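Remarks on the overall topology
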Amino acid sequence: MEKITSKSNNLIKHTKKLFTSHKYRAENSQFALEGARLCFDALNSECGNDILFVTESAAQKYSDKCSQLVSGFDKVIYISDELAAYLSETKNPQGVFAVCSQRTGSFYPEKGKKYIALDKIQDPANLGAIIRTAEALGVDGAVFSGCCDLYNPKVLRSSMGGALRLPIMLCEDLENEILKLNSLGFNSYAAVPDSSAADIKDISFNGSDICVIGNEGNGVSNEVKEACSGLVTINMLGRAESLNASVAAAIVMWEMLG
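One structure accompanies this document, and this report is about it. (Residues numbered from 1 in each chain as written. Predicted model: local features only at pLDDT ≥ 70, side-chain atom pairs only at ≥ 80, totals over all residues. Heavy atoms only, no water.)

A few points about the packing of aromatic side chains
This structure, assessed with the given rule, holds 5 aromatic pairs. Note on F107 and Y115: the rings are 5.6 Å apart at their centroids and 20° apart in plane angle, and the pair reads as stacked. The rings of F107, Y115 and F186 are connected pair by pair, giving a single aromatic cluster. When the ring centre of Y86 is taken as origin, the NZ or CZ atom of K16, which lies over that ring, is 4.9 Å away. (Phe/Tyr/Trp six-rings, centres within 6.5 Å; stacked < 30°, edge-to-face > 60°. Lys NZ or Arg CZ within 6 Å of the ring centre and 35° of its normal.)

Pasting the structure below:
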């Protein structure tokens, strides 16, 4: 089996850049993963499983897991512990990494189902948490518009692999997409911190619903709010004026599916 020990190796440089550069990921239609669990998630997704990197110590420590991963990737390369530390985005690397091709499938919202839409979410931890919650609660899919990179390592980690599984539609113009969904019979709601909006607990979600969560600083854009068929809010009893985007999304999705 091939082994790499030098940082100057082109494949190592390529992998490192996939971890650190959104532009480079987009140009190459690839992304990098760290950790056995995420690598397994990639195996059970529509991503291409291109290269597996593993240290000899990891292969011994996690022999059963690594042998399963080896059989699922197109190419397997041993790397030194020093290279694992160089590639790692965490303090205590497992010594298992992968390079995968980005997802090729997409979807379009179907009547009778429930979706979350995200308007310019920029914090990778927030995006990952929303994806994880959406998958856990059984949301049928997510529509992303102007959000941070789905393949950012922080998104992948905080989503616990959900970013590789949850049906996701990338949308450049959320306003027009909402208007189109309205014409198809969807109920669309923008979540806003506004006491004049309808209390989300009073909304009857009975299928063909989509709720929009807005940007961390600016909320849902005015154009998208105007496109939506209604505004909803989460009434708060304390002095806080708003909720973290991922927390708000969790409450909205819980009410949608309740």
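Once the structure has been displayed, the description carries forward.
A short note on the sheet that holds strand β12 (residues 230–233)
Here 7 strands make up an open sheet; going across it, the order is β8-β7-β6-β11-β9-β12-β10 and the pairing parallel. At either end of the open sheet lies a strand with only one pairing partner, and these are β8 (168–170) and β10 (198–199). Pairing between strand β9 (residues 187–191) and strand β11 (residues 209–213): 4 bridges, direction parallel. For N187, the partnering residue across the bridge sits in β11 and is D209. Its contacts with the sheet place helix α11 (residues 245–257) against β6 (114–119), β9 and β11, and it is angled at close to 165° to β11. (Pairing = 2+ DSSP bridges. Helix = DSSP H or I, 4+ residues; strand = E, 2+ residues; numbered from the N terminus. Contact = heavy atoms within 4.5 Å. Axes fitted to C-alpha atoms, helices over the stretch in contact; angles between N-to-C directions.)

Quick look at the sheet that holds strand β3 (residues 48–55)
Read across the sheet, 5 strands follow the order β1-β4-β3-β5-β2 without closing on themselves; strand pairing throughout is mixed. One side of each edge strand has no neighbouring strand; the edge strands of this open sheet are β1 (3–4) and β2 (30–34). Sheet topology note: the β1/strand β4 (residues 75–79) ladder contains 2 bridges and is parallel. By the bridge assignment, K3 is partnered in β4 with Y78.

Observations regarding helix α9 (residues 174–183)
Taken together, the buried positions of α9 are occupied by L174, E177, I178 and L181. Considered in projection along α9, the buried side chains sweep an arc of 100° and stay on one side of the axis. Where α9 is buried, its residues meet β6, β7 (141–145), β8, β9, β11 and α10 (222–227). Count one or two residues on from α9 and you reach G185, which has phi positive near 100°. (Buried < 20%, exposed > 50% of the residue type's maximum accessible area, 1.4 Å probe, protein only. Arc of directions from axis to C-beta.)

Details of unusual backbone geometry
For S29, which is not glycine, the phi torsion reads 50° and is therefore positive. On the accessibility criterion, S29 (41% relative accessible area) is partly exposed. Here S208, not a glycine, exhibits a phi torsion of approximately 55°, which is positive. Inspection of the secondary structure assignment puts S208 in the loop between β10 and β11.

Remarks on the environment of I234
By the secondary structure assignment, I234 is in the loop between β12 and α11. Sequence-wise, I234 and D194 are 40 residues apart; in three dimensions their C-alpha atoms are separated by 8.5 Å. Among all residues touching I234, those that are not within four sequence positions of it are I200, L243, A248, I251 and V252.

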